[in-house]
Structures are given as C-alpha cells and as structure tokens.
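One-letter residues, chain by chain:
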Amino acid sequence: MRVQPVVEGHGEEGASQLLIRRVIEERIGSYESQILRPQRRASIESLLARGGESLLRYQRVAERDSDLVLWLLDHDDGCLLESLRAAHGILMREGVRVPTAFSFIPKEYETMFLCEADCCESYYKISREKFFAGRAARDAKGHISRTLPPGSIYKPTVDQAPLTARLNLDRLGEVFPPFLHLERVLRWGIERPDRCIYPG
C-alpha cells in the first residue's frame with residue numbers, strides 16, 4: 001500500500017513519514033507499505049475556504065500514484081468536528097479516486113511530545129516533568145523552547161524527526177487519544193476499505 005501523507009508544517013515533512021511508518025510496523029504489524037514523501041499544504045482553515053477549492057485541488061494531486069491519501073493536519077482553531085465534517089462533505093460531494101482519511105492533531109504536532117514527555121527527556125536530557133507540565137499549552141513549540149537552556153530553541157526541521165523516533169507509541173496511545181484515531185485510520189487503509197472516506 002502506498003500512503004500519501006498531506007501535512008502542514010516544514011517539520012512534519014520528515015517526521016510524519018517516520019510516524020506513519022512506525023505506526024504501521026510497530027502497532028499494526030504490517031511491513032508492506034510504502035510511505036510516500038509528504039506533500040506540504042496549507043492549514044485546514046485555508047483548505048476549507050472558498051468552498052474547499054484548495055482542498056479538492058490538492059486532493060487530486062495527492063491521489064496520483066497512491067493507494068491511500070492521509071491528511072495529517074494540526075488543528076488549533078475552531079471546532080475540530082466541524083472541520084472534519086466540512087472536509088468530509090466536500091470530498092463526498094466531489095468524489096475521491098482512492099481511499100482518503102483525515103487525522104487531526106489538536107493544537108499542533110508537538111503536543112504529542114509534551115504528552116509523552118519521555119521522548120523529550122531522552123532527546124534533550126532534561127526532566128520529563130518540565131515538558132509534561134506544558135501538555136495543555138496552545139503553543140507546544142514555544143513551551144519546548146522555554147524549557148531548553150538559554151540560547152537554545154526548538155527547531156521543527158531539526159528536532160521533530162528525532163523526537164518522533166523516540167516516542168513510546170504504547171504510552172502515547174494511553175495519554176493522547178488522537179493518536180489512536182491515526183492508528184485506526186491506517187489500519188482501515190491496510191485492510192482494504194469498502195468505503196472511500198474515513199470516517200465514513
């Protein structure tokens with residue numbers, strides 16, 4: 001199965017590819033998937049503007065040479081459920097050519113690192129409690145930077161992939177429910193879905 005991720009930030013281009021591969025191999029036990037290079041697009045708010053014109057255009061690009069399109073996006077404004085319903089409605093109306101799924105990360109990708117803070121302790125050699133304390137912060141990137149020694153800052157394009165590699169996925173599934181949704185999405189895709197969009 002060829003998975004085409006669609007992401008928002010620069011850091012997610014490398015990190016999401018690694019996260020998806022780890023979920024498929026370590027949590028689902030499948031080793032036959034190819035994770036294509038992620039396509040970076042706009043925020044969900046921008047994608048849904050003007051009747052979802054951008055969403056549909058980028059969907060068509062993502063469908064080329066893939067067996068599953070996975071929209072893995074941050075969601076830091078408005079109602080997540082409303083955004084999901086809007087995106088789902090647009091693609092249901094226009095149709096999709098390959099199975100397509102949405103998986104939103106509340107606030108931002110880095111929220112996972114604060115919820116499963118052992119990865120931060122392993123990477124930065126700073127007590128996990130200092131990172132875990134910011135798990136509800138809206139600005140997860142900022143909290144990580146403020147926790148680092150003076151003169152150091154969190155850099156998504158440098159730090160996101162190594163932190164993703166250190167995530168304890170079992171623990172993450174216990175403390176961060178959106179991760180379990182991502183796992184369900186990928187399991188659905190691997191099991192040859194009988195419907196075109198998840199959730200259907």
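None of the values given here were measured: they were computed from a predicted structure.

About the criteria used
Residues numbered from 1 in each chain as written. Predicted model: local features only at pLDDT ≥ 70, side-chain atom pairs only at ≥ 80, totals over all residues. Heavy atoms only, no water. Phe/Tyr/Trp six-rings, centres within 6.5 Å; stacked < 30°, edge-to-face > 60°. Buried < 20%, exposed > 50% of the residue type's maximum accessible area, 1.4 Å probe, protein only. Helix = DSSP H or I, 4+ residues; strand = E, 2+ residues; numbered from the N terminus. Pairing = 2+ DSSP bridges.

Trainee: When you look at the packing of aromatic side chains in this model, what are you seeing that I'm missing?
Mentor: What characterises a pair of aromatic rings is the spacing of the ring centres plus the angle enclosed by the ring planes. This structure, assessed with the given rule, holds six aromatic pairs. Where Tyr 109 meets Phe 113, the ring centres are 5.7 Å apart and the plane angle is 70 degrees; that geometry is what we call edge-to-face. Assessed through its relative accessible area of 1%, Tyr 109 is described here as buried. Ring plane angle 45 degrees and centroid distance 5.3 Å describe the contact between Trp 188 and Tyr 198, whose orientation is recorded as tilted. Separated by ten residues along the polypeptide, Trp 188 in helix α10 (residues 177–190) and Tyr 198 in strand β6 (residues 197–198) bring together distant segments of the chain. Since its relative accessible area comes to 9%, Trp 188 is described here as buried. Residue classification places Tyr 198 among the buried residues on the basis of a relative accessible area of 12%.

Trainee: Hey, could you run me through the pairing of strand β1 (residues 2–7) in this one?
Mentor: Successive side chains on a regular strand alternate, one facing one side of the sheet and the next facing the other. Burial of β1 is extensive: five of the six residues sit out of reach of the surface. Where β1 and strand β4 (residues 68–75) come together, four bridges link them in parallel fashion. Looking at β4, one finds that Pro 5 is bridged to Leu 70. Examined bridge by bridge, β1 and strand β3 (residues 39–40) share two bridges and lie parallel to one another. When the bridges of β3 are listed, Val 6 appears paired with Gln 39.

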